[in-house]
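The primary structure of each chain is shown beneath.
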Amino acid sequence: MAPSKKSGESKTRSSTSSANISLKRVKGENFYRNAKQASRLKMLNGGKPVRDKDGKIIQAAAFQKGEDETKPGRVQPDRRWFGNTRVISQTALDHFRTSLATKKDDPYSVLLRRNKLPMALLDDAANPHTQKRSHIVETEPFSETFGPKAQRKRARVDAADFEELSKLGATAFEDADEAATSTGNVIGPQTHADYNEPIYAKGTSRRIYGELYKVIDSSDVILHILDARDPMGTLCESVLEYIKKEKAHKQVVLVINKCDLVPNWVTARYIQHLTPRYPTIAFHASPNHSFGKGSLIQLLRQFSQLHSDKKQISVGFVGYPNVGKSSVINTLKSGKVCRVAPVPGETKVWQYITLTRRIYLIDCPGIVPTSAHDSQTSTVLKGVVRVEALATPSEHIPALMERVKPLYISRTYGVPLPNPEDPTQSWEPEVLLDKLARMKGRLLKHGEPDMDSVAKIILSDWVRGRIPFFVPPPERPEALNKAEEKAKKIKAKNDTKDKSKVVDVDETGEAEENRPGVKQNLGSIMQKNKFLAEDIQPLEEEFAEVSVDDEEKESDDDSGDEAGGVNDGEEEELTWNDVFTGIHHDEMPEGAQGRQIDEEGEEAAPGKEPRMRTNKRKATNFYSTANVKNKNRGKAAHMKNLPTGKKQRRR
């Protein structure tokens, strides 16, 4: 049976539809319709070079070089290749060396952006080009050191064999032993006295020094706190040398704390002695009667302005134990943000404190430098060791009595002097401890005095500053006195020309600019201890006379609450005749005169207005001082009509 037409039509339709779907190659037409497919095909078919019949490459493959292109080439020299470096001339380099060589180690000059400057050129030791070449060939020529003609140097020994050498050694040992015996230095076995107890090594552990190096690395400005009673003894020379050598870009400021424990002239003399090395400031840490707080904060603000490229600066506090590092931070913050105690070792780890938005403070545990080489007694008297932890505290009392005058000890503990006619004569240490033990009731069995407990009391009072004491400052050199006299004469002449310049004179007579410093009125420090007349000297004009503006600024920064009302008591009250001239009491009306008498009878001495404690005055009106009857009647009626929560619920 022949197929019908309908079935044939359906067949052709299906064939045409399948032909449209399949990819049929057509001559002259690109089979790959887009560039992506064409590039993929080139990648699959390519990668091979085109060669001739002899096998030589005519056309190199893609991403491959031909034989001609592989020959070594030369890069054209151009300064644009080195665009990331700075090229300066030799003249500019010499000018940089000469101008900054002196100011690099100057503590009063700050080099900004040191990482942008070639500071290694200023250090001759770190610069390998300036190191001296060792003349080895000139000393020993190569031909005499190596090769067949080498001359081997032989050590000169007096002995010809080993037996003779051993005899010489034994003879030398006997001679050394005889010499030691004759001088009295007998070398014997080590005893208990030669053993250093671990308690005297406080502040020298690896952990403490790890905290110190963390504080130094994190700080931009370092404040070295000193004790005013012994500033040179509490100065960490090894730490300052390390900062000067390894961290020369960090500024160091010396702060002499506990100025209330010594006379004012001692603090002034130490400031003069230490100022040529580093900037020095006197300070007294106290929550109520502090000194130097405004000057120190102003100095830190200047450092923050110098480092304007940083968001904030960090200020690290370093120094001996028990010199008052945490107390200085509490005084600057006007609150207790650090744990403080009158004993050493209260601060265990470093801690960050925010002073302002741009100034951060870092507290550090107390460290004892290795360069001190202190004995056990000097370590105890510097306040490094806790007194209650000492095994034999009485052995340190003789050294303490040598430092303190007998009159101060007698006045502190109420013990009579051994010789009233000679106040310089002191007690024997055992006699003093026996008297104090019987006065304070520190007795053992059978009425024997407890020496160690009394010695701990004396050492504790020494550490807390209850016993008057200070190390005498170095004497002023005569050259400095002559220079100051010449400077005063030159300053008087130059005041008319230029008042802003301060001139100083050397021994040679050359005029130099005086070093910048912080002006402080040391005469305003409240003294805690009373000293003898022989220990008190007049304060120099440099530290006694401070301008009015500086003194007001200091008082404003130190005690903000006491800023107002300074001259309230000095103002004289105005009388009737001062205000109304020509009008006397007799000419006043009777009613006015009677009213004044009544007012004087009620208020004989009108009180003064209370002193303002803030810089903002409260708004006042007529009703704030007037006695008006029922002045709040409308307000009270309005408040009475307002419904309350409980009444609404009941309704």
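Because the structure is predicted, anything quoted here is derived from the model rather than measured.

## Looking at the overall build of the protein
Here is step 1 of the chain: Within the protein, the secondary structure is distributed over 24 helices and ten strands.
Here is step 2 of the chain: Every one of the 651 residues in the protein was classed for burial, and the buried ones make up 28%.
Here is step 3 of the chain: Relative to all contacts within the protein whose residues are 6 or more apart in sequence, the contacts with residues 24 or more apart total 64%.
Here is step 4 of the chain: Accessible surface for the protein amounts to roughly 47600 Å². Of this, 52% is attributable to carbon and sulfur atoms.

## A look at the packing of aromatic side chains
The geometry of an aromatic ring pair is captured by two quantities: the separation of the ring centres and the angle between the planes.
Here is step 1 of the chain: Throughout the structure, instances matching the rule amount to eight aromatic pairs.
Here is step 2 of the chain: Here the aromatic rings of Trp350 and Tyr352 are separated by 5.9 Å at their centres, their planes lie at 65°, and the arrangement is edge-to-face.
Here is step 3 of the chain: Judged by relative accessible area, Tyr352 falls into the partly exposed class, the value being 43%.
Here is step 4 of the chain: Seen from their ring centres, Tyr352 and Tyr360 are 6.4 Å apart, and the 65° between their planes marks the pair as edge-to-face.
Here is step 5 of the chain: For Tyr360, a relative accessible area of 24% translates into the label partly exposed.

## Topic: the nonpolar core
Generally speaking, nonpolar side chains in soluble globular proteins are found buried as a group.
Here is step 1 of the chain: The biggest cluster of nonpolar side chains holds 93 residues, and the ones touching the most others in it are Leu223, Val315, Phe317, Leu332, Leu361 and Ile458.
Here is step 2 of the chain: In this structure Leu361 touches Leu300, Val315, Phe317, Ile329, Leu332, Gln351, Tyr352, Ile353 and Leu355, once residues within four positions along its chain are discounted.
Here is step 3 of the chain: One finds Phe96, Leu111, Met119 and Leu122 within the second-largest nonpolar core, a separate group that totals five residues.

## Considerations on the packing of helix α10 (residues 293-306) against helix α11 (residues 325-333)
Here is step 1 of the chain: Remark: α10 packs on α11, axes separated minimally by 10 Å, with the N-to-C direction vectors making an angle of 85°. Considering the angle they form, α10 stands roughly perpendicular to α11. Contacts from Lys293, Leu296 and Ile297 of α10 reach α11 at Val328, Thr331 and Leu332.

## Regarding α10
Here is step 1 of the chain: The end-to-end C-alpha distance of α10 is 20 Å, a good match for the 20 Å that 14 residues give at a rise of 1.5 Å each.
Here is step 2 of the chain: Within the span of α10, buried status applies to Lys293, Gly294, Ser295, Leu296, Ile297, Leu299, Leu300, Phe303 and Ser304.

## Quick word on a nonpolar patch on the surface
Here is step 1 of the chain: On the surface, Val157, Phe162, Leu165 and Leu168 cluster together into a nonpolar patch covering about 440 Å² of accessible area.
Here is step 2 of the chain: For Leu165, the location among the structural elements is in helix α6 (residues 162-183).

## Observations regarding the pairing of strand β3 (residues 221-227)
Here is step 1 of the chain: Counting buried positions over the seven residues of β3 gives seven, a clear majority of the element.
Here is step 2 of the chain: A two-sided burial pattern is seen for β3, the buried positions comprising Val221, Leu223, Ile225 and Asp227 on one face and Ile222, His224 and Leu226 on the other.
Here is step 3 of the chain: Here β3 runs beside strand β4 (residues 251-257); their pairing, made up of seven bridges, is parallel. Looking at the pairing, Asp227 lines up with Asn257 of β4.
Here is step 4 of the chain: With helix α8 (residues 237-246) bridging β3 and the parallel β4, this β-α-β connection has right-handed handedness.
Here is step 5 of the chain: Inspection of the sheet shows β3 paired to strand β6 (residues 313-319) by five bridges, in the parallel sense. Bridging from a neighbouring strand, Val221 pairs with Val315 of β6.

## Describing the pattern of salt bridges
Here is step 1 of the chain: Tallying each qualifying case throughout the model produces twelve salt bridges.
Here is step 2 of the chain: When the shortest N-O distance is used, the salt bridge between Asp535 and Lys405 registers 2.8 Å. With a gap of 130 residues between them, Asp535 in the loop between β10 (511-513) and α18 (541-544) and Lys405 in the loop between α13 (397-403) and α14 (406-413) connect regions that are remote in the sequence.
Here is step 3 of the chain: By relative accessible area, which is 9% here, Asp535 ends up buried.
Here is step 4 of the chain: Residue Arg466 is joined to Asp461 by a salt bridge in which the shortest nitrogen-to-oxygen separation is 3.0 Å.
Here is step 5 of the chain: Judged by relative accessible area, Arg466 falls into the partly exposed class, the value being 46%.
Here is step 6 of the chain: In this structure Asp461 comes out as buried when scored by relative accessible area, which is 8%.
Here is step 7 of the chain: Within this structure, Arg339, Glu346 and Arg386 form a network of salt bridges that share partners.

## Description of the packing of helix α15 (residues 429-440) against helix α16 (residues 451-464)
Here is step 1 of the chain: Two elements in contact, α15 and α16, have axes separated by 9 Å at closest approach and are oriented at 90°. By the angle between their directions, the pair α15 and α16 is classed as roughly perpendicular. Contact residues: α15 offers Glu430, Leu433, Asp434, Leu436, Ala437 and Lys440, while α16 offers Met451, Val454, Ala455, Ile457 and Ile458.
Here is step 2 of the chain: Taken together, the residues that form the contact of α15 with α16 break down as eight nonpolar, no polar and three charged.

## Overview of the sheet that holds β4
The strands that make up a sheet are held in pairs by hydrogen bonds between backbone atoms, and each pair lies either parallel or antiparallel.
Here is step 1 of the chain: With mixed pairing, the six strands of this open sheet are ordered in space as β5-β4-β3-β6-β8-β7. Among the strands making up the open sheet, the edge pair consists of β5 (280-282) and β7 (351-354). Looking at each pair of strands side by side, their axes are set apart by 25° on average, direction ignored.

## Section: the confidence of the model for the protein
Here is step 1 of the chain: When the pLDDT values of the protein are averaged, the result is 76; 68% of them are 70 or greater.
Here is step 2 of the chain: Across the protein, the element-wise mean pLDDT spans from 41 in helix α21 (residues 590-602) up to 95 in β3.
Here is step 3 of the chain: Contacts for the low-pLDDT stretch residues 7-19, under 50 throughout, to residues beyond four places or in other chains number zero contacts.
Here is step 4 of the chain: Low pLDDT, under 50, characterises residues 558-574; the stretch is placed with 13 contacts to residues that sit more than four places away or in other chains.

## Some thoughts on a negative patch on the surface
Here is step 1 of the chain: A cluster of acidic side chains, namely Asp158, Asp161, Glu163 and Glu164, defines a negative patch on the protein surface.
Here is step 2 of the chain: Within the secondary structure, Asp158 sits in the loop between α5 (142-145) and α6.
Here is step 3 of the chain: Taking relative accessible area as the criterion, Asp158 reaches 74% and is therefore assigned exposed.

Rules and cut-offs
Residues numbered from 1 in each chain as written. Predicted model: local features only at pLDDT ≥ 70, side-chain atom pairs only at ≥ 80, totals over all residues. Heavy atoms only, no water. Helix = DSSP H or I, 4+ residues; strand = E, 2+ residues; numbered from the N terminus. Buried < 20%, exposed > 50% of the residue type's maximum accessible area, 1.4 Å probe, protein only. Contact = heavy atoms within 4.5 Å. Areas by Shrake-Rupley, 256 points an atom, 1.4 Å probe, with all protein chains shown as cover. Phe/Tyr/Trp six-rings, centres within 6.5 Å; stacked < 30°, edge-to-face > 60°. Core = buried A, V, L, I, M, F, W, Y, C linked by side-chain atoms within 4.5 Å. Axes fitted to C-alpha atoms, helices over the stretch in contact; angles between N-to-C directions. Parallel < 35°, antiparallel > 145°, perpendicular 65-115°, else oblique. Expected span 1.5 Å × (residues − 1). Patch = residues over 30% accessible without salt bridge, like charges linked within 9 Å, V, L, I, M, F, W, Y side chains within 5 Å. Salt bridge = Lys/Arg side-chain N within 4 Å of Asp/Glu carboxyl O. Pairing = 2+ DSSP bridges. Right-handed = clockwise from strand over helix to strand, strands pointing away. Nonpolar A, V, L, I, M, F, W, Y, C, P; charged D, E, K, R; others polar. pLDDT = per-residue confidence, 0-100. Lys, Arg positive; Asp, Glu negative; His and termini not counted. Charge placed at Lys NZ, Arg CZ, Asp CG, Glu CD.

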